[in-house]
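# Secondary and tertiary structure notes
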Amino acid sequence: QVQLVESGGGLVQAGGSLRLSCVASGSIFRFNAMNFGWYRQAPGKQREMVAIIRNGDSTNYADSAKGRFTISRDNAKNTVYLQMNSLKHEDTAVYYCNANSLSDGAGYWGKGTLVTVSS
């Protein structure tokens, strides 16, 4: 079992920046054997992928995030980050951390952190 705890959300003006963090923990758990992702869900919309980082540090981004957001991981701290710059009102959403185990395919979700961008 893996627990994911997100933090760093809040209220920011359009054009501003935020850095989200996701700390992973668990009794039997290998952080560097997992892929991680950030997803978001805006009111009335489906959850969507924002960025993914694999255990080899390769990344993928949604078109809406390219050039503005950067996903990274610190294997020593069991933490994944999402640096968000040039925020727009349409980035307002609850942001969720996701982890997928490479050993058994199990997936895990955090409870989310709210990002509100005022226009």
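Heads up: the structure comes first, above all this text.
In this report, we go over the structure that sits alongside the text. (Residues numbered from 1 in each chain as written. Predicted model: local features only at pLDDT ≥ 70, side-chain atom pairs only at ≥ 80, totals over all residues. Heavy atoms only, no water.)

## Topic: the state of the cysteines
Counted by the stated rule, this structure contains 1 disulfide. A sulfur-sulfur distance of 2.1 Å marks the disulfide that ties Cys22 to Cys97. Handedness of the Cys22-Cys97 disulfide follows from its S-S torsion of about -80 degrees: it is left-handed. Here Cys97 lies in strand β9 (residues 93-101) and Cys22 lies in strand β3 (residues 18-25), a separation of 75 residues in the sequence. We note that Cys22, like Cys97, is buried. (Disulfide = S-S within 2.5 Å. Helix = DSSP H or I, 4+ residues; strand = E, 2+ residues; numbered from the N terminus. Buried < 20%, exposed > 50% of the residue type's maximum accessible area, 1.4 Å probe, protein only.)

## Structural notes on the layout of surface pockets
For the largest pocket, the calculated volume is near 180 Å³. Forming the boundary of the largest pocket are Gln1, Val2, Ile28, Phe29, Arg30, Ala33, Met34, Ser101, Ser103, Asp104 and Tyr108. Partitioning the lining of the largest pocket into residue classes produces 6 nonpolar, 3 polar and 2 charged. (1 Å grid on protein atoms, 1.4 Å probe; cavity = no way out; pocket = protein on both sides within 12 Å on 5 of 7 lines; lining within 4 Å. Points joined across faces, edges and corners; volume = space filled by probe spheres on them. Nonpolar A, V, L, I, M, F, W, Y, C, P; charged D, E, K, R; others polar.)

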